[in-house]
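Commentary on secondary and tertiary structure
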Protein chains: 2
Amino acid sequence: MKRTSRDIRTANRYEVLRQIIAASPTSRQELAAATGLSLATVATLVGELLGLGMITEVGFEDSAGGRPRGLVAVNPSGGALIGVDIAETYVHVELFDLALNAVARAEEDMRPGESRPEQVVGHVAAAVGAVIAQAGIEEARVLGVGVSVPGQVDRDNGVAEYAPNFDWRDVPLLDLLAEHLAHPLYLDNPLRACAVAELWFGAARGRGDAVVVNLGTGVGAGLVLGGGLHRGVSNSAGEWGHTTLVLDGRLCHCGNRGCVETYVGAPGIMRRLRELSPGSALLHPGDQTATVGALARAVAAHDPVAVEVVRDTARYLAAGIADLINLLNPEVIVLSSWVAATLGEPLLAEVREAVARHALRRPLAATEIVLSPIAGDPVSLGAATFALEGALGSPRRGAGSARRPVPAGSRGAAPS
Amino acid sequence: MKRTSRDIRTANRYEVLRQIIAASPTSRQELAAATGLSLATVATLVGELLGLGMITEVGFEDSAGGRPRGLVAVNPSGGALIGVDIAETYVHVELFDLALNAVARAEEDMRPGESRPEQVVGHVAAAVGAVIAQAGIEEARVLGVGVSVPGQVDRDNGVAEYAPNFDWRDVPLLDLLAEHLAHPLYLDNPLRACAVAELWFGAARGRGDAVVVNLGTGVGAGLVLGGGLHRGVSNSAGEWGHTTLVLDGRLCHCGNRGCVETYVGAPGIMRRLRELSPGSALLHPGDQTATVGALARAVAAHDPVAVEVVRDTARYLAAGIADLINLLNPEVIVLSSWVAATLGEPLLAEVREAVARHALRRPLAATEIVLSPIAGDPVSLGAATFALEGALGSPRRGAGSARRPVPAGSRGAAPS
Ligand SMILES: [Zn+2]
Ligand SMILES: [Zn+2]
């Protein structure tokens, strides 16, 4: 999709609110300097945000030799946002104030085989009700609920098109949720949720071009290009996990062979550990989280097998990251999600070293590789951010509004 | 870099002129509908283009039930643009009118070993002088000269940073050229020249996200994202030729192993032919153009070795193209440059079939794969387009102006 003037106005509105959240209190003049927008444009956008109650006037500062400048700040109590992270084994929900501080959390476990759409929707509705109750706020104060579900999603229609781990195809998730929840709902996947979290609150903030490499059970790359999320023509950009790294290599669930994900996703890491040391005490069969946690502790204790597993993983990861650097020439590569958080600095160090062997000199010199600075669950935060963006007006680009009409009579169905 | 309001104004100016060139004569109302810009914005930009003499008022059309609408058209004689394609064995130069019709052409051969910077600059200056003389126009009518040189370039400073085939490092090419040419000069590489040619005049026109896959001696992917050229933070985006396709595969001149370019670049294709049939009559040692031409003719005659070489090449190419589709989810993949033009439809058919085996269903369904529709040399056309963009005002993004100040006393040095 091409950018239209409406897209640009929306992007500017995001940019100004992002800057206010990052640097409250701030003046229109500072906002203009930080965003590159004209003072007139900033003044208009600040007026809109004041009108929405998302920010407030908080006084004046002296300016050298001029009139005092009005200061604005984010209004944390101007509304609440809810982020829902539907993962393989749990549903994690957080409620945020408008400064995107987490105010309440709830989690529902899901046992294997309990992932029929109605069951998952029941868990989500219960957890959303729980966080609203915990926060003690009125339902009407919730500006929106962002929902992340793994796999490929049609966000315009709120459909989970393909979620291999749940064996879902074309599940109308937002329609099902709208029977329980009366709030505006937004659907996307963890890849883009993590990217938008970095864009608003993490290592991609203020960067034009950034790649958020998601390392979990699945693997992908959320793309921030030209200061905004790059979705592609059918909202499926970022499927870097299915980049061919080894022609005719390991078989992937996508049908292709040698995909990055088969080597650096959590199951691929477990497979490498099993190859190197079939009876390793680090191996917790069927439990990726426990295995990756054990690996991280063993690396800290200089266990040679664990060190080798991390090095091998980093080698594959680095070849794929070098491809991203050569192709996109980004300012920063952010390693995100739970595998990156668990393996942490030792993984980062190996990756940096191996990337330097693969990437071209010029783009390599322009790129930093960092761990995500976001504490807590980036997926819930990103999902809530989609709800915030929705409340600011959805861009036409790749989207239209994912907002659902509020179904008549459904308010009472949301537990509170 | 983030997009600033100035970038956006420049992008809008490009968009409006692009549309006028494509659909002259046209009205402001039609332009607003085609570009998604407001009528007020279009009217302002049309006023600027009229002021620059790039377009003219050409009459009125009736509008249903309203006032007659003013029509504008591109003004071909509003100025001339020159595109310079510096390749391994020749310098090809074309002069275009403002509708980007080629008006004059000149070519200088370069023998191996004649590629010292001063020698190349001499060839360029002679050929530029020749096209201006052929066209019979005044020097002052030339709005700019765009120069494409293979390899990595610093366009802000006009430096050819690394051109492996010439063994150039940090050659201040525009400074050297400015001693001979008094026109505004712009430097970039063939990868981005082909991409911008497709964006303005080819298969990427009106598309938000497109990838222009360049198949020549070198291989790369020019990226059109969000309706504009994606350059990356240090103008080196698009180095897809150095994507790892076969971990620990063929050694590449970049130092990495298994790069796409080592399999699908013209030397890689020749290598495959030699492997399959060492004494093949199709093989013209040291002459890539002749060999690829012979292959194309042999495929047309159903020669089994030639068919196998093209199929193998397509297989590697398709794995790399599937990576691009999965990662970027573009609307169109354009196969460009001389290898694509020479192997043509048979290559395209094999690529389409093999991509379908590698790419994910959802992004695959959204992507067309086509041969470049541009007749003639897309590199010269793209280089001239950089000069046109420069004349319209360079965007700040990734650039600043690459325009050189006119050195005093240098006008007479340009042959005419
Ligand atoms: Zn795969
Ligand atoms: Zn290479």
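Because the structure is predicted, anything quoted here is derived from the model rather than measured.

Looking at the overall build of chain A
When helices and strands are counted, chain A shows 13 helices and 16 strands. A globule of 416 residues ought to have a C-alpha radius of gyration of about 22 Å, and chain A, at 22 Å, matches this closely. Counting across all 416 residues of chain A, residues that qualify as buried make up 62%. For chain A, the share of sequence-separated contacts (at least 6 apart) that also reach a separation of at least 24 residues comes to 63%. For chain A, the computed accessible surface area is about 15100 Å², with 51% contributed by carbon and sulfur atoms.

Overview of the coordination of the zinc ion (ligand 2)
Residue and element names in this part refer to chain B. The protein atoms that coordinate the zinc ion (ligand 2) are H242 (ND1), C252 (SG), C254 (SG) and C259 (SG), at distances of 2.0 to 2.3 Å. Taken together, the four donor atoms surrounding the zinc ion (ligand 2) define angles of 103 to 121° at the centre, an arrangement classified as tetrahedral. Going along the chain, you hit the donors of the zinc ion (ligand 2) in the pattern H-x9-C-x1-C-x4-C. Across the pair, exposure class does not vary: C252 and C259 are buried alike.

What about the coordination of the zinc ion (ligand 1)?
Residue and element names in this part refer to chain A. Looking at the metal site, the zinc ion (ligand 1) is ligated by H242 (ND1), C252 (SG), C254 (SG) and C259 (SG), spaced 2.0 to 2.3 Å from it. For the zinc ion (ligand 1), the four donor atoms are set out with angles of 104 to 121° between them, so the coordination reads as tetrahedral. Counting gaps between the donor residues of the zinc ion (ligand 1) yields the pattern H-x9-C-x1-C-x4-C. Residue class for C259 comes out buried when judged on its relative accessible area of 0%.

Comments concerning the interface of chain A and chain B
Contacts between the two partners involve 61 residues from chain A and, on the opposite side, 61 residues from chain B. Interface of chain A and chain B: buried area, both sides summed, is about 5200 Å²; carbon and sulfur atoms make up 50% of it. Counting across the chain A and chain B interface gives four salt bridges. In this structure, R362(B) engages E161(A) in a salt bridge whose closest nitrogen and oxygen atoms are separated by 2.3 Å. Where chain A meets chain B, there are 28 residue pairs in polar contact (both at pLDDT 80 or more). If you list the elements that add at least two residues to the side of chain A that touches chain B, you get α1 (5–22), α2 (28–35), β8 (152–154), β13 (219–225), α10 (304–328) and α12 (361–365) of chain A.

What about the pattern of salt bridges?
Two side chains that carry opposite charge are able to pair once their charged atoms sit near each other. Under the defined criterion, the tally for this structure stands at 36 salt bridges over all chains. The residue D188(B) makes a salt bridge to R231(B) at a minimum N-O spacing of 2.6 Å. Here D188(B), found in strand β11 (residues 185–188), pairs with R231(B), found in the loop between β14 (228–229) and α7 (260–264); they are 43 residues apart in sequence, far enough to count as distant. Here D188(B) matches R231(B) in class, with each residue buried. Among the charged side chains, a network of salt bridges with common partners joins R250(A), R271(A), R272(A), E275(A) and D312(A).

Brief notes about the domain arrangement of chain A
Parsing chain A into structural domains produces domain 1 (5–74), domain 2 (78–192 + 378–392) and domain 3 (207–371). A C-alpha centroid distance of 38 Å is found between domain 1 of chain A and domain 3 of chain A.

Remarks on the environment of L295(A)
All names here are of chain A. One can find L295 in helix α9 (residues 288–300). For L295, a relative accessible area of 0% translates into the label buried. Taking C-alpha positions, L295 is 6.3 Å from L282, a pair spaced 13 residues apart along the chain. With residues near it in sequence (within four places) discarded, L295 still touches I269, L273, L282, A306, V309 and L343.

About the cut-offs
- Residues numbered from 1 in each chain as written.
- Chains lettered and ligands numbered in written order.
- Predicted model: local features only at pLDDT ≥ 70, side-chain atom pairs only at ≥ 80, totals over all residues.
- Heavy atoms only, no water.
- Helix = DSSP H or I, 4+ residues; strand = E, 2+ residues; numbered from the N terminus.
- Rg over C-alpha atoms; globule rule 2.2 N^0.38 Å.
- Buried < 20%, exposed > 50% of the residue type's maximum accessible area, 1.4 Å probe, protein only.
- Contact = heavy atoms within 4.5 Å.
- Areas by Shrake-Rupley, 256 points an atom, 1.4 Å probe, with all protein chains shown as cover.
- Donors = N, O, S within 2.8 Å, 3.2 Å for Na, K, Ca; no water.
- Tetrahedral: all angles 85-135°; square planar, octahedral: opposite > 155°, others 65-115°.
- Buried area = accessible area lost by both parts, 1.4 Å probe.
- Salt bridge = Lys/Arg side-chain N within 4 Å of Asp/Glu carboxyl O.
- Polar contact = N/O pair within 3.5 Å; in protein donor to acceptor, adjacent residues only side chain to side chain.
- Domains from an automatic or database assignment.

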